[in-house]
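# Structural description and commentary
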Amino acid sequence: MRVSMISEHASPLAVLGGVDAGGQNVHVAALSIALGRLGHEVTVYTRRDDAALPDRVPMAPGVEVVHVNAGPIEPIPKDEMLPYMGELADGVVADRHRARPDVLHSHFWMSGLAGLDAAHRLGVPLLHTFHALGVVKRRHQGVEDTSPPERRWLEPRVGREADGVIATCSDEAFELKALGVPPHRISVVPCGVDLEAFTPEGPIATRPRRHRIVTVGRLVRRKGADTVIEALAGLNRDLDVELVVVGGPGDVAETLADAEAQRLLALASDLGVADRLTFTGQVSRADMPTLLRSADAVVCTPWYEPFGIVPLEAMACGVPVVAAAVGGFIDTVRDDETGRLVPPRDPEALARTLEALLGDDEARRAYGAAGRARVESRYSWGRIAEESARVYRAAAAARPSSITVASGGTS
Ligand code: UDP
């Protein structure tokens, strides 16, 4: 099939860890590469944010990234991109280098708007993945949510008008139904993990203390690094635990200057654990497995999480995960099998869980092995690409106007 992906802010070629670059970039890149491996032709349309970017970049066999001029040619926050979705749709429709796609697959609500427009003009079906839902974000962030107000009514519209919505977890499927998306148009296909890059074997970063817990993510409040710092302060000091916070707007110096890092450092000093807290800044994909392997546990305690790829990466490295029981983690982390699920925003419960886990070598080993087995059986990108292609085919078959009919027939 010919598949056109639309991902307005999350380029598959971007460096990860900054405020707007995370799981969606990984998802779009890895899904596209895996579809290419299956013999599909994939074009990913993303917004040009740098004049030096070439129009077209071959990314992998069968996969090309196209930079579309849509709005100012410079980095802008994703919440300011809405006015440029028409230009993005124009770029997709006007791409003369590619034959008409069989399906469009848009990512994030704003790309969904460009997708609805482009799909209508091209006469092809649109599949959409939200990656995050405004209704959930508002519930948790309230007035701090910087999304444009139009998201309230445009996001449900994308859900209702797309030919199909691909949710990444069962919790999201419930939210979508509540938004009015017809249940028969919702499929659940999770994100995957790169099982060759993230492995239990391989180099392990050295660590200065007896135990290490690691938390990974963009440095934004909702990722809940403060909960882990508060839990660290509640751990028995004799356990000799350090916390490594991975992610940030740049290298260590840039990250330490970041307002959220400053807030976390101040919290750690107030609680007397600043000497056991390290920020790494942005870590490359290549270095991530080495770092994850050095952890006794990878801890993910966001307020909410649309999917969350980090637990899969930890499990693939054979490392137990301690995660808040929210969003995608409810599907991916099996409590007392691949790690532990804890109540969200509850440092006390997290501290007790970590204390038990760090004191139990056998449980950590068993959880790590079970985690690797689980991702191998369920979360390879090859399997995720096959499941996605099945959804694409069903959407194309359900929309007769998009199927080319031999002479004599009608479409
Ligand atoms: N990541 C990375 N380097 C960093 C920080 C994060 O490569 O410095 C990666 C991380 O390994 C994961 C992704 O960014 O693959 C974050 O995805 P997730 O779904 O956990 O969170 P999101 O950022 O989408 O909210």
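Residues numbered from 1 in each chain as written. Predicted model: local features only at pLDDT ≥ 70, side-chain atom pairs only at ≥ 80, totals over all residues.

The next subject is the overall build of the chain. Scanning the chain for helices and strands turns up 15 helices and 14 strands. Its C-alpha radius of gyration of 22 Å places the chain within 12% of the 22 Å reference for a compact globule of 411 residues. Its C-alpha atoms give the chain principal-axis dimensions of roughly 80 × 40 × 40 Å. Out of the 411 residues in the chain, the part that is buried amounts to 48%. (Helix = DSSP H or I, 4+ residues; strand = E, 2+ residues; numbered from the N terminus. Rg over C-alpha atoms; globule rule 2.2 N^0.38 Å. Buried ≥ 20, exposed ≤ 12 C-beta atoms within 10 Å, placed from the backbone.)

Let us now look at the sheet that holds strand S3 (residues 56-60). Backbone-to-backbone hydrogen bonds pair the strands of a sheet. The strands run either parallel or antiparallel. Sheet architecture is open: 8 strands sit in the order S3-S4-S2-S1-S5-S6-S7-S8, paired in mixed fashion. Looking at the sheet topology across the chains shown, the edges are occupied by S3 and strand S8 (186-188). Neighbour-to-neighbour, the strand axes of this sheet turn through a mean angle of 25°, independent of strand direction. Pairing of strand S1 (residues 2-7) with strand S2 (residues 41-47) involves 5 bridges; the strand directions are parallel. What sits directly across from Ile-6, in S2, is Tyr-45. (Pairing = 2+ DSSP bridges. Axes fitted to C-alpha atoms, helices over the stretch in contact; angles between N-to-C directions.)

The subject of this paragraph is the confidence of the model for the chain. Caution applies to low-pLDDT regions: their predicted coordinates should not be interpreted in detail. On average, the chain scores 94 in pLDDT, and the residues at 70 or more come to 96%. Note that residues 402-411 has pLDDT below 50 and, in this model, 10 contacts with residues that lie over four places away or in other chains. This complex was scored by the predictor with a pTM of 0.91 and an ipTM of 0.98. (pLDDT = per-residue confidence, 0-100. Contact = placed C-beta atoms within 7 Å.)

We now examine the UniProt feature "domain: Glycosyltransferase subfamily 4-like N-terminal" (unreviewed entry) in the chain. UniProt feature "domain: Glycosyltransferase subfamily 4-like N-terminal" (unreviewed entry): in the numbering of this structure it lies at residues 22-196. Between the C-alpha atoms that bound residues 22-196 there is a distance of 20 Å. The span itself is 38% helix and 19% strand. (UniProt positions renumbered as here; feature names shortened; annotations may be inferred.)

In this structure, Phe-108 takes a positive phi of about 80° despite not being glycine. Among the secondary structure elements, Phe-108 is positioned in the loop between strand S5 (103-107) and helix H3 (109-122). Classification of Phe-108 as buried rests on a count of 23 C-beta atoms within 10 Å. The backbone phi angle of Arg-345 is positive, close to 55°, even though this residue is not glycine. Looking at Arg-345, the number of C-beta atoms within 10 Å reads 17, which means it is partly exposed.

Here the focus is helix H6 (residues 170-178). Looking only at H6, the buried set comprises Asp-171, Glu-172 and Leu-176. All buried residues of H6 fall inside an arc of 140° around its axis, so they share one side. Looking at H6, the residues exposed on the side facing more than 90 degrees away from the buried face are Phe-174 and Ala-178. Buried residues belonging to H6 abut helix H5 (151-161), strand S7 (164-167), S8 and helix H12 (329-332). (Arc of directions from axis to C-beta.)

A sheet is described by the order of its strands in space; here 6 strands give the open sequence S11-S10-S9-S12-S13-S14, paired in parallel fashion. Edge positions in the open sheet fall to strand S11 (277-281) and strand S14 (339-342), since each of these has one partner strand only. For this sheet, the mean angle separating the axes of adjacent strands, direction not counted, is 20°. In terms of strand pairing, strand S9 (residues 211-216) meets strand S12 (residues 297-300) through 2 bridges, oriented parallel. Pairing of Ile-213 across the sheet is with Ala-297, part of S12. Running at roughly 165° to S14, helix H13 (residues 347-358) makes contact with S9, strand S10 (241-246), S12, strand S13 (321-324) and S14 of the sheet.

This brings us to the environment of Asn-25. In this structure, Asn-25 sits in helix H1 (residues 23-37). Judged by the 22 C-beta atoms lying within 10 Å of it, Asn-25 is buried. The sequence separation of Asn-25 and Pro-12 amounts to 13 residues, and the corresponding C-alpha distance is 4.8 Å.

Turning our eyes to something else, we now look at the domain arrangement of the chain. Taken as a whole, the chain is organised into domain 1 (2-192 + 381-402) and domain 2 (211-378). Computed from C-alpha atoms alone, the centre-to-centre distance between domain 1 and domain 2 is 28 Å. Residue composition of the side of domain 1 that touches domain 2, by class: 10 nonpolar, 9 polar and 2 charged. (Domains from an automatic or database assignment. Nonpolar A, V, L, I, M, F, W, Y, C, P; charged D, E, K, R; others polar.)

Burial runs high along S2: 6 of the 7 residues are buried. Where S2 meets strand S4 (residues 63-68), 6 bridges bridge the pair, whose relative direction is parallel. For Arg-47, the partnering residue across the bridge sits in S4 and is Val-68.

This next bit is on the environment of Pro-156. Of note, Pro-156 is situated in helix H5. Under the C-beta neighbour-count criterion, Pro-156 is labelled partly exposed, with 19 such atoms within 10 Å. Between the C-alpha atom of Pro-156 and that of Leu-133, which follows or precedes it by 23 residues, the distance is 9.3 Å. Once residues lying within four places of it in the same chain are set aside, the contact partners of Pro-156 are Leu-179 and Gly-180.

A word on the packing of helix H2 (residues 85-93) against H3. Axis separation between H2 and H3 bottoms out at 8 Å; the angle between their running directions is 40°. For the element pair H2 / H3, the angle class is oblique. Crossing of H2 over H3 shows right-handed handedness. Only Met-110, Leu-113, Ala-114, Asp-117, Ala-118, Arg-121 and Leu-122 of H3 make contact with H2, whose side of the interface consists of Met-85, Gly-86, Leu-88, Ala-89, Val-92 and Val-93. (Parallel < 35°, antiparallel > 145°, perpendicular 65-115°, else oblique. Left-handed = near helix turned anticlockwise from the far one by under 90°.)

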